[in-house]
Amino acid sequence: MCPEKIMPDVTPSTIASVPTPRRGFFITLEGGEGAGKSTQSHRLAQRLRTFGLHVQETREPGGSPRAEALRKVLLSGQVASLGPAAEALLFSAARIDHLDQTIRPALAGGVTVICDRFADSTRAYQGTLGNVDTRLIRAMERVAVGTTTPDLTLILDLPAETGLARAARRRTGAIDRFEAEDLSFHRALRNSFLDIAAAEPRRCRVIDGDQPQDDVAEAIWHAVEDRLLAVEHRYALPPAHTA
Ligand code: TYD
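Being a predicted model, the structure only gives us computed values, none of them experimental.

Cut-off values and rules
- Residues numbered from 1 in each chain as written.
- Predicted model: local features only at pLDDT ≥ 70, side-chain atom pairs only at ≥ 80, totals over all residues.
- Helix = DSSP H or I, 4+ residues; strand = E, 2+ residues; numbered from the N terminus.
- Buried ≥ 20, exposed ≤ 12 C-beta atoms within 10 Å, placed from the backbone.
- Contact = placed C-beta atoms within 7 Å.
- Pairing = 2+ DSSP bridges.
- Axes fitted to C-alpha atoms, helices over the stretch in contact; angles between N-to-C directions.
- Near = placed C-beta within 6 Å.
- Nonpolar A, V, L, I, M, F, W, Y, C, P; charged D, E, K, R; others polar.
- Core = buried A, V, L, I, M, F, W, Y, C linked by C-beta atoms within 7 Å.
- Expected span 1.5 Å × (residues − 1).
- Arc of directions from axis to C-beta.

A. Geometry of the overall build of the protein. The helix and strand inventory of the protein stands at 10 helices and 5 strands. Expressed as a percentage of its 243 residues, the buried residues of the protein come to 35%. Contacts in the protein between residues at least 24 apart in sequence constitute 78% of all its contacts with a sequence separation of at least 6.

See below:
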């Protein structure tokens, strides 16, 4: 039997016309406590949707059912007594599931993913602040993240005192594991994120988080616009500069 009879509809020209979704754009937001990441993630997602983009908002730890279960354990402080290396392993385990179940399928389907915290949080909290060996942190990152690195990381920066005061004002339940650390911890955390940004200026943009919400949103939009324009040829994007 000739091949045309077996698969009558498939010819080189029809294969060529099947639309392959371009990989979505992967954006992460990082920063200390009370930096306003959740609010800004949401605002950015809404703004991108007005261009007709499909956007998935997600967060870490969490973002998939198994990772959300690990989140409860991690933020309750039950793992803290095992030490920062064990915490880093659990954050990474949650990340593996989150990437497999949520992030990679979305990106592969052309969906833009906005993630509230990602691997830089492990570098800063467990690596710098927890003194977990950088080589171990990097090895875990290679295993969990692999090549699914963010296209853009927005680091929301503000003084530790301001962030902690904001976090305390918006808190509804018990204080969580990391909020409970002292001011010097949060100052060092801020510096750690700034160091990450300085080391990877192509991927990271520092955003001044100590200004009115609308101004922060505008600064984020400019950073996204810049980066989208830089990589636009890889994505099915509208002209972002017409926002
Ligand atoms: P969350 O309530 O989401 O806080 P925030 O609004 O500050 O993002 O709690 C997440 C906490 O987990 C936060 O204190 C940072 C910490 N964390 C790590 O220590 N390592 C990690 O890898 C991640 C993703 C988060």
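B. Just the sheet that holds strand β5 (residues 204–208), in detail. Within the open sheet, the 5 strands sit side by side as β2-β3-β1-β4-β5. Their pairing is parallel. Edge strands, defined here as strands with exactly one partner in the open sheet, are β2 (55–59) and β5. Neighbour to neighbour, the strand axes of the sheet diverge by 20° on average, direction disregarded. Examined bridge by bridge, β2 and strand β3 (residues 112–116) share 5 bridges and lie parallel to one another. Among the inter-strand pairings, threonine 58 is bridged to a residue of β3, identified as cysteine 115. Contacting β1 (26–31), β4 (152–157) and β5, helix α9 (residues 183–199) crosses the sheet at an angle of about 145° to β4.

C. Layout of the site of the ligand. What surrounds the ligand is a group of 14 residues, the closest being Phe91, Ser121, Thr122, Tyr125 and Phe178. Elements with a minimum of two residues in the shell around the ligand: α3 (37–49) and α6 (119–129). Per-element accounting of the shell around the ligand gives the leading share, 4 residues, to α6. Taken together, the residues of the shell around the ligand break down into 5 nonpolar, 4 polar and 5 charged.

D. Here's a closer look at the nonpolar core. With 46 residues, the main nonpolar core has Ile27, Leu154, Ile155 and Ile207 as its most contacted residues. With residues up to four places along the chain from it excluded, the contact list for leucine 154 reads Ile27, Leu29, Arg205, Ile207, Ile220 and Ala223.

E. Highlighting α9. When the terminal C-alpha atoms of α9 are compared, their 25 Å separation across 17 residues agrees well with the 24 Å that a helix rising 1.5 Å per residue should span. For α9, the set of buried residues is His186, Leu189, Phe193, Ile196 and Ala197. Along α9, the residues classed as buried sweep out an arc of 100° about the axis, all on the same side. Opposite its buried face, α9 presents the exposed residues Leu183, Ser184, Asn191, Ala198 and Ala199, each directed more than 90 degrees away. Packed against the buried residues of α9 are β1, α6, β4, α8 (160–170) and β5.

F. View of the pairing of β3. For β3, the tally of buried residues reaches 5 of 5 residues, placing the bulk of the element in the interior. Side chains Thr112, Ile114 and Asp116 project from β3 onto one buried face, and the interleaved Val113 and Cys115 project onto a second face that is buried too. Here 4 bridges tie β1 to β3, and the two strands are oriented parallel to one another. If you follow isoleucine 27 over to β3, its bridge partner there is isoleucine 114.

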